[in-house]
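Okay, here's what each chain looks like letter by letter:
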Number of protein chains: 4
Amino acid sequence: MDTAPPISDRLEDLETARDDGRQKIDWAFQHMPILQSLREDFEDEQPFAGVTIGMALHVEAKTAALVETLADGGAEVAITGCNPLSTHDDVSAALDANDAITSYAKHGAEDEDYYAAIEAVIDHEPAVTVDDGGDLVFRIHEEHPGLIDSIVGGTEETTTGVHRLRAMDEDGALEYPVIAVNDTPMKRLFDNVHGTGESSLASIAMTTNLAWAGKTVVVAGYGHCGRGVAKKAAGQNAHVVVTEVDSRRALEAHMEGYEVTTMAEAAEKGDVFVTTTGNRDVIAREHFEVMQDGAVLANAGHFDVEINLDELADLATAERDARDGVREYELEDGRRINVLAEGRLVNLAAPVSLGHPVEVMDQSFAVQAVSVRELLENGADYDAAVHEVPDDLDREVAEVKLAAEGVAFDTLSEEQEDYLQSWQHGT
Amino acid sequence: MDTAPPISDRLEDLETARDDGRQKIDWAFQHMPILQSLREDFEDEQPFAGVTIGMALHVEAKTAALVETLADGGAEVAITGCNPLSTHDDVSAALDANDAITSYAKHGAEDEDYYAAIEAVIDHEPAVTVDDGGDLVFRIHEEHPGLIDSIVGGTEETTTGVHRLRAMDEDGALEYPVIAVNDTPMKRLFDNVHGTGESSLASIAMTTNLAWAGKTVVVAGYGHCGRGVAKKAAGQNAHVVVTEVDSRRALEAHMEGYEVTTMAEAAEKGDVFVTTTGNRDVIAREHFEVMQDGAVLANAGHFDVEINLDELADLATAERDARDGVREYELEDGRRINVLAEGRLVNLAAPVSLGHPVEVMDQSFAVQAVSVRELLENGADYDAAVHEVPDDLDREVAEVKLAAEGVAFDTLSEEQEDYLQSWQHGT
Amino acid sequence: MDTAPPISDRLEDLETARDDGRQKIDWAFQHMPILQSLREDFEDEQPFAGVTIGMALHVEAKTAALVETLADGGAEVAITGCNPLSTHDDVSAALDANDAITSYAKHGAEDEDYYAAIEAVIDHEPAVTVDDGGDLVFRIHEEHPGLIDSIVGGTEETTTGVHRLRAMDEDGALEYPVIAVNDTPMKRLFDNVHGTGESSLASIAMTTNLAWAGKTVVVAGYGHCGRGVAKKAAGQNAHVVVTEVDSRRALEAHMEGYEVTTMAEAAEKGDVFVTTTGNRDVIAREHFEVMQDGAVLANAGHFDVEINLDELADLATAERDARDGVREYELEDGRRINVLAEGRLVNLAAPVSLGHPVEVMDQSFAVQAVSVRELLENGADYDAAVHEVPDDLDREVAEVKLAAEGVAFDTLSEEQEDYLQSWQHGT
Amino acid sequence: MDTAPPISDRLEDLETARDDGRQKIDWAFQHMPILQSLREDFEDEQPFAGVTIGMALHVEAKTAALVETLADGGAEVAITGCNPLSTHDDVSAALDANDAITSYAKHGAEDEDYYAAIEAVIDHEPAVTVDDGGDLVFRIHEEHPGLIDSIVGGTEETTTGVHRLRAMDEDGALEYPVIAVNDTPMKRLFDNVHGTGESSLASIAMTTNLAWAGKTVVVAGYGHCGRGVAKKAAGQNAHVVVTEVDSRRALEAHMEGYEVTTMAEAAEKGDVFVTTTGNRDVIAREHFEVMQDGAVLANAGHFDVEINLDELADLATAERDARDGVREYELEDGRRINVLAEGRLVNLAAPVSLGHPVEVMDQSFAVQAVSVRELLENGADYDAAVHEVPDDLDREVAEVKLAAEGVAFDTLSEEQEDYLQSWQHGT
């Protein structure tokens, strides 16, 4: 397959793009205290000297701060997007201006073009892969197995990517170690809950100009993303309805005070629907058929399969763009169903969207940075499997963050340590 | 003074503008069930037939739905903006395409141009004025007193406008009746709390890409706007600090669980500051001097006087645009203070801003519509003073809204009515 | 009618009772910083010297702190209860031990006994009456009109009492001035919302041992009490359903995110019901007929008329005490409906109940104290009508409280004062 | 060591006690739908026929419902308390009235008596032990190692107990399998968060009559119990300050919006302190020295070591009972520090306390019941170690609960199951 050219060969007004991208990256980096601290260390220690890192991430300002942090630590980086709609061309161009970085990410790339960019990254023969959704790992395994021997390991950013990698691992098909950044507490507890929650809701609000107060918001899935969306929507005075397929999670949502029911029931009640399940067809024909006029549908899961748009298009007698980022489907009986960002993840793909908040990505990408460092330092200790982020790395990131925020916490006294380890005392 | 020309004489690609504006208005109107219901009635009854209405409001899609509702009820409307930065030219153009409506609102109008547009509206010799901030009322009193006799009355949308009108009233200077829409429960309880709260925070988030979780957010003022901002920020996991000048409001905020202190103390702690006081110099030199590096400042009050930008510019050694809608002031010691939307009201003037949520304005503008109807029907009952919205009009709007949302409520039985009116019973 | 004897003549182990009551009063007074501050002033100034004050309040520790504060300011006080179940005999006895105070309050007094105690208080020929529910005012008007000329005025503590007094006022039947303490911000905003909210829920939880998380809690009425109950229940992870008869309040609850519906609908859904309406028969036969097995009913309104117990007893095939403070009614189909505290106000009448939290009553009773002082100082300025608490008295209490809590707030600069009073400036 | 006699041999008015206890148990069991459902099954299947079960739990109504469920399933049960202050003698007596149950639990037992009761339970030679705090396991290992061979296994209810068992396990000292009920999702997510949170706060409120609104509440520890206390206190409008020794938990609390700091700092600010750490000396001399007058201290952790009362008594110049359940320590400078329930766990040991809410214990004890069933069915599969509750048992309990609450949830379609298991699809 052909490889795509770098972004710099594809933009008309490259200088302006680079300036715009640089301004965006500077703003983000100013609000990323953990990466700031790590970058200082990496500049001194050059842990990535001579190493090629291949990346497929959402190419926007915050990601760029990670990329530059790795480059300043000595790496040669090749990067492309992991979603055709999430790339900011100006940021891509600003990265590509760095001698140590080649960026192939291009906004709105069509399928062939998208994969050609992935091929271009692989063509750099990376020693470490950094994925968001697993595209680099999968393509290398499928199309370039010869490269595997020279790869130290990879990291994976999202739930969905990890899910796919674990399936691959169980099939015995994963041939190099991958650290599941997504699963580590410093990522999971903040990125998914706070990041997805806040940014999805802000994107929906700014795309539609609708209010949360008094709205019935149906949240499909009560994993980390779902509970972030539910909590932040309720915190803005929405009435939240949760749907789940897992009994314990359903019970958790119920005990939190949310209304819990099936999507079949919820479909009739919802004003706004947000899917966060990682699964397909969560909202489908039977649900469209009973929704209220004017219902708004958005997806906050990785892939655009959660809302079955084929079935919706099939039901519709007319379609139009009701607003930038809003596709309106008119049904036979006149009801209108509005889908945001073509069902792609709304906090990245909606026209106004900026992705996750800066500070949240600071945490997540700081874990990425120390995980890549770990693979290079101790990669031999990891077998070809999906691995958790080592706990001490995860805590390292937490401590850097608290120090940066000026938040103090206690330490155990010797007597307290002893107490926790003893078991001889009675009631 | 000269009058400005209508927007249609000033735009280059008028057709595109009108199409874009129409699309925006259609979206808004679809989500404004109260105005939809009132418009149906007005089309039948033509309560405004032959009446000229002068308006100075934020000219964007939701406002347009009110304007068209009045026009469909028989009015001739002349409108301009009430803030140079809040006008959407495409919406202005779409309105101006209506034979019954002339729109003079132009985005980014300089001072002279802004007042020339107000003059143009007044030139239509309106029988009713609809203001947001009081500019029409003031200008008519100051420059065109001869028109006053033919004016039935006016309405005023905002806290600040009402504040100024009451001062004018107390001075004996107000010469026609004005209904204070701002003060009515259906406006005050929803627009200010939910509308300003949600839209200010979403605008700040989408302008900065920063998160609320873990942030210290200083809210200046604990009136309706302030408590909306505080509640919604806390609902997104910010740590909220409130400043107040009123002892009872300070105590209310304290009893709600917020940290309450002076701005002098709060200035050192805040990550983000939102002013909602309606007063000047709420954040000034002494506060800038102690703020943290990277502090973000936004104003949610009507006028751009709450943050003293002159003093900040004075202190700064450098300024630059850090981001679209973010002005960064660098102080001598390297600290950076970021001001959003030039200190103008952030939910209208920030580049990404859409103003108040649609449904919230639906309530507020429905009160406007029935208040204008009231002035025309019963204007003779109102003396030259600031008047409250009659309670039955306010309730009319509440009932239309509940019906539209499908929310049922109870009615008193005859026995219950009697009980409430009796007082003879013992313990 | 006969008058009741003082409590000291009616208790067997008077010394123990007095000691127990004293301990309770000391605890309360320690946590009442506003009354502490006022008492110091009153001891110096003796504003009530030579004045007889008649009181009918819930006689428990917090009330006692008010009574002693008035007595220490020079008053002779005669007091009885305003609800047969809310009196603490030990507190009553401790008060009665004070030479300046006579207490007739007795727990569980039967009707005749209850009114005999009211008669005993009136027999002291008070110059000021302090009521909670209006019993003193009503009885004086009905039975002792001859006393009215010598009465300076009265104060009233509750919504229900004020409601009855206003009705009386409108009928032209009120013959001396009464200050509606209940309506003043310092009472209304804290006592009703925080006091009733927290103490009702804690009483219900401690009477039933049931949890709030995951429960469907139906709150009847969305006035100050109702919104306190709703907010605190939701804050403990209940799913809250609100019923209302007022369209605007129904809309407020809806916009807050609560489910709003009629009691007919809510009756089928609720696990726990709390009435806060001040009206009768809010829960009645048609609702009992559709409730779930095990439903728990509690009243947080002043009178025991909100739940129609006659109709419930009528429907029931069996009754028993399921628990201390819980009456279980078994219906024909086996469903059990549990009524707390005989439908009397649950935060006072349930066996474990302690009434409103100490600090909340500190605010409310501080307003009582300064209102009584006001009547004695300026009673001549008040005509025979229901009066609001003068705003400066209300603020006096707020400022004393903030000072006691160490909470700082801002003051307006001269420029800011001027700005608020000016209206000449444009946009 | 001597063994204690059954409770029936120790109470004076046994019949009344049994009646009172029966009434309490009946109320609890009515609100325990999961145990109701399991008991029906167990009555049919007799899974515990011929088995002796030894238990050391808080002996009150909810626990009794578990005990009777096991007895109805065929077990012979011997039970005692796990905390001298948490036993309800009437419930103990009601249990002891059952032929299949012997109860040794006695309220306020002194140390020797407490352990004699444990000995009495062990004397029954149980095949299964059910512990809350580990006393049975520890005493059997230390004093009766000869019994170990005949023990199938045990279960443990609390964090602290599991903590001690794991330490024992790591030392190689644990000689029979124990299922850590405490760690299972159905226990951990509900009992600790909702149960401890709600019941601790309600106990503190009802013991002190103080309000949460406006209070500064210091929560020591941000594990499951701590976050429950923090959330429910904030939900009642307290200002919450969290202290932690774990960096990630500290960061979680910070990101939730709470103030986070060291106990040394928090000690100066707090109005109420609640310890939930499971560790000793969390509040000690250095903290008492800076606390505000009137501070209230309560412990919600298993053991009474979290507040160092020896150091407090040492600092105090006087002590007295300020209220039932409140010990006041007066310091040299006049400041008063109030300790609830002698520093024992406040939701069980305070005079008004009822322990965890019924429904929450229903979940936890349902897990206990199915875990005991599991040990008897499949005990041979478990080695001598601390084991997690098998996931399918935990889910069984969740599903029974949702069914009982009438909460519906979705099931995966075949296509969705396939999707989740596949990994071949691209973006």
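Residues numbered from 1 in each chain as written. Chains lettered and ligands numbered in written order. Predicted model: local features only at pLDDT ≥ 70, side-chain atom pairs only at ≥ 80, totals over all residues. Heavy atoms only, no water.

Of the transformation superimposing chain B on chain C, the axial component is 0.0 Å and the angular component is 180°, with the fit at an RMSD of 0.1 Å. Expressed as a symmetry operation, the mapping of one chain copy onto the other fits a two-fold axis. Using C-alpha coordinates, one finds that chain B approaches the rotation axis most closely at Gly 235 of chain B, a distance of 5.8 Å. Most of the interface of chain B is mirrored in chain C: 99% of its interface residues are interface residues there too. (Least-squares fit on C-alpha atoms with pLDDT ≥ 70 in both. Contact = heavy atoms within 4.5 Å.)

Contact with chain B, which involves 68 residues of that partner, is made by 67 residues of chain C. A combined buried area of about 6100 Å² lies between chain B and chain C, and 58% of that area is made up of carbon and sulfur atoms. The tally of links between chain B and chain C comes to 8 salt bridges. Between Arg 395 of chain B and Asp 246 of chain C there is a salt bridge, with the nearest N and O atoms lying 2.8 Å from each other. Our count for the chain B to chain C interface comes out at 18 residue pairs in polar contact (both at pLDDT 80 or more). (Buried area = accessible area lost by both parts, 1.4 Å probe. Salt bridge = Lys/Arg side-chain N within 4 Å of Asp/Glu carboxyl O. Polar contact = N/O pair within 3.5 Å; in protein donor to acceptor, adjacent residues only side chain to side chain.)

Before going further, it helps to examine the relation of the copies chain D and chain A. By a simple turn and slide, chain D fits onto chain A: the slide is 0.0 Å along the axis, the RMSD is 0.0 Å, and the turn is 180°. A high fraction, 100%, of the interface residues of chain D reappear at the interface in chain A, so the copies pair face to face through one surface.

In this section: the UniProt feature "binding site: substrate" (unreviewed entry) in chain A. All names here are of chain A. In this numbering, the UniProt entry assigns the feature "binding site: substrate" (unreviewed entry) to Asp 132, Glu 157, Lys 187 and Asp 191. The annotated residues occupy 60 residues of the chain but converge on a single region, no pair of C-alpha atoms lying more than 13.4 Å apart. Mapped onto the elements, Asp 132 comes out in the loop between β4 (128–131) and α6 (135–143). Setting aside anything within four residues of it in sequence, one finds Asp 132 in contact with Ala 56, Leu 57, His 58, Cys 82, Glu 156, Glu 157, Thr 158 and His 302. Tracing the backbone shows Asp 191 in helix α8 (residues 185–208). The contacts of Asp 191, once residues within four sequence positions are left out, are Glu 157, Thr 196, His 356, Val 360, Met 361 and Ser 364. (UniProt positions renumbered as here; feature names shortened; annotations may be inferred. Helix = DSSP H or I, 4+ residues; strand = E, 2+ residues; numbered from the N terminus.)

All names here are of chain A. According to the domain assignment, chain A contains domain 1 (7–187 + 356–405) and domain 2 (194–349). Computed over C-alpha atoms only, the centres of domain 1 and domain 2 are separated by 30 Å. For the pair domain 1 and domain 2, the two sides together bury roughly 1100 Å², of which 65% comes from carbon and sulfur. Interface area lost by domain 1 to domain 2 is led by Leu 85, Thr 160 and His 356, which between them contribute 47%. There are 0 salt bridges connecting domain 1 and domain 2. Across the domain 1-domain 2 interface, the total number found is 3 residue pairs in polar contact (both at pLDDT 80 or more). (Domains from an automatic or database assignment.)

Here the focus is the sheet that holds strand β11 (residues 295–299) of chain D. Strand pairing in a sheet takes place through backbone hydrogen bonds and is either antiparallel or parallel in direction. Residue and element names in this part refer to chain D. Strand order across the open sheet formed by 8 strands is β9-β8-β7-β10-β11-β14-β13-β12, with mixed pairing between neighbours. Among the strands making up the open sheet, the edge pair consists of β9 (259–260) and β12 (316–323). As paired elements, β12 and strand β13 (residues 326–331) share 6 bridges and run antiparallel to each other. When the bridges of β13 are listed, Ala 318 appears paired with Glu 330. (Pairing = 2+ DSSP bridges.)

With that out of the way, let us pick up empty space enclosed by the protein. Taking a probe equal in size to a water molecule and rolling it over the atoms shows the remaining empty space. Under the counting rule described, the total for this entry stands at 12 cavities of 30 Å³ or more. The computed volume of the largest cavity comes to approximately 240 Å³. In terms of lining, the largest cavity is formed by 30 residues, of which the most central are Ala 202 of chain C together with Leu 201, Ala 202, Ala 205 and Met 206 of chain D. Among the secondary structure elements, those contributing two or more residues to the lining of the largest cavity are α8 (185–208) of chain C together with α8 (185–208) of chain D. Per-class residue counts for the lining of the largest cavity are 17 nonpolar, 11 polar and 2 charged. As a volume, the second largest cavity reaches approximately 160 Å³. (1 Å grid on protein atoms, 1.4 Å probe; cavity = no way out; pocket = protein on both sides within 12 Å on 5 of 7 lines; lining within 4 Å. Points joined across faces, edges and corners; volume = space filled by probe spheres on them. Nonpolar A, V, L, I, M, F, W, Y, C, P; charged D, E, K, R; others polar.)

In this section: helix α3 (residues 61–72) of chain B. All names here are of chain B. In this model α3 runs 16 Å from its N-terminal to its C-terminal C-alpha over 12 residues, within 8% of the 16 Å that 1.5 Å per residue would give. Within α3, 11 of the 12 residues are buried, which leaves it mostly tucked inside the rest of the structure. When we look at burial in α3, the residues that qualify are Ala 61, Lys 62, Thr 63, Ala 64, Ala 65, Leu 66, Val 67, Glu 68, Thr 69, Leu 70 and Ala 71. Just downstream of α3, Gly 74 is the residue with a positive phi angle, here 110°. (Expected span 1.5 Å × (residues − 1). Buried < 20%, exposed > 50% of the residue type's maximum accessible area, 1.4 Å probe, protein only.)

What follows is about the packing of helix α2 (residues 33–45) of chain A against helix α3 (residues 61–72) of chain A. Residues and elements named next belong to chain A. Where α2 meets α3, the closest approach of the two axes is 8 Å, and the angle between their N-to-C directions is 20°. With respect to their mutual orientation, α2 and α3 come out roughly parallel. Between α2 and α3 lies a crossing of left-handed hand. Between α2 and α3, the residues in contact are Leu 35, Arg 39, Phe 42 and Glu 43 and Ala 65, Leu 66, Glu 68, Thr 69 and Asp 72, respectively. A class-by-class count of the residues in the contact of α2 with α3 yields 4 nonpolar, 1 polar and 4 charged. (Axes fitted to C-alpha atoms, helices over the stretch in contact; angles between N-to-C directions. Parallel < 35°, antiparallel > 145°, perpendicular 65-115°, else oblique. Left-handed = near helix turned anticlockwise from the far one by under 90°.)

Attention now moves to helix α15 (residues 358–378) of chain B. Helix length check: α15 of chain B, at 21 residues, gives a terminal C-alpha distance of 29 Å against a target of 30 Å (1.5 Å per residue), a fit within 8%. Extensive coverage of α15 of chain B is indicated by the burial of 18 of its 21 residues.

When the parts of a complex come together, some accessible area is lost, and that lost area is often used as the size of the interface. Across the contact, 67 residues belong to chain D and 67 residues belong to chain A. Roughly 6100 Å² is buried in total at the junction of chain D and chain A, and carbon and sulfur atoms are behind 58% of that figure. The partner of Arg 248 of chain D in a salt bridge is Asp 391 of chain A, with the nearest N and O atoms 2.9 Å apart. Where chain D touches chain A, the interface holds 19 residue pairs in polar contact (both at pLDDT 80 or more). Within the side of chain D that touches chain A, the residues separate by chemical class into 30 nonpolar, 17 polar and 20 charged.

This paragraph deals with the nonpolar core. Counting 175 residues, the largest nonpolar core has Leu 35 and Met 55 of chain B together with Met 55 of chain D as its most contacted members. Dropping the residues within four chain positions of it, Met 55 of chain D is found in contact with Leu 66, Val 67, Leu 70, Val 77, Ala 78, Ile 79, Thr 80, Val 121, Val 130 and Leu 136 of chain D. Membership of the second largest hydrophobic core comes to 172 residues, among which are Leu 201 and Val 219 of chain B, Val 181 of chain C together with Leu 210 of chain D. (Core = buried A, V, L, I, M, F, W, Y, C linked by side-chain atoms within 4.5 Å.)

The next subject is the pairing of strand β14 (residues 336–340) of chain A. Residue and element names in this part refer to chain A. Of all 5 residues in β14, 4 are buried, a share of seventy percent or more. Relative to β14, strand β11 (residues 295–299) runs parallel, the two sharing 3 bridges. Looking at β14, one finds that Ala 295 is bridged to Ile 337. Across 5 bridges, strand β13 (residues 326–331) lies against β14 in antiparallel orientation. Residue pairing in the sheet places Val 326 in a bridge with Leu 340 of β14. Hairpin connection from β13 to β14: 4 residues lie between these consecutive antiparallel strands, with Gly 334 at a positive phi of about 95°.

The next subject is the sheet that holds strand β9 (residues 259–260) of chain A. Overall, mixed pairing links the 8 strands, which are arranged β9-β8-β7-β10-β11-β14-β13-β12 (chain A) in an open sheet. Strands at the two margins of the open sheet, each flanked by one partner only, are β9 and β12 (316–323) of chain A. Here helix α1 (residues 14–30) of chain B sits on the sheet in contact with β11, β12, β13 and β14 of chain A, set at roughly 110° to β12 of chain A.

On to the environment of Asn 192 of chain C, then. Residues and elements named next belong to chain C. Among the structural elements, Asn 192 can be located in helix α8. For the pair Asn 192 and Thr 159, spaced 33 residues apart in sequence, the C-alpha separation works out to 9.2 Å. If near-sequence neighbours (up to four positions away) are discounted, Asn 192 is found in contact with Thr 159, Asn 182, Lys 187, Gly 197, His 224 and Cys 225.

Attention now goes to the pattern of salt bridges. On inspection of all chains with the given rule, the structure shows 124 salt bridges over all chains. Between Arg 285 of chain B and Asp 314 of chain B there is a salt bridge; the shortest N-O distance is 3.0 Å. Of the two residues, Arg 285 of chain B sits in helix α12 (residues 285–288) while Asp 314 of chain B sits in helix α13 (residues 309–315), which places them 29 residues apart along the sequence. A salt bridge links Arg 39 of chain D to Asp 72 of chain D; the shortest N-O distance between them is 3.5 Å. Taken together, the residues span a long stretch of sequence, with Arg 39 of chain D in helix α2 (residues 33–45) and Asp 72 of chain D in helix α3 (residues 61–72) at a distance of 33 residues. Assessed through its relative accessible area of 10%, Arg 39 of chain D is described here as buried. Residue Asp 72 of chain D is classed as partly exposed on the basis of its relative accessible area, which comes to 25%.

Let us look at the pairing of strand β2 (residues 76–80) of chain B. All names here are of chain B. Counting buried residues in β2 gives 4 out of 5 residues, a clear majority hidden from the surface. Pairing between strand β1 (residues 52–56) and β2: 5 bridges, direction parallel. Looking at the pairing, Gly 54 lines up with Ala 78 of β2. Note that β2 and strand β3 (residues 101–103) share 3 bridges and pair parallel. The residue of β3 that forms the bridge with Ala 78 is Thr 102. With helix α4 (residues 89–96) bridging β2 and the parallel β3, this β-α-β connection has right-handed handedness. (Right-handed = clockwise from strand over helix to strand, strands pointing away.)

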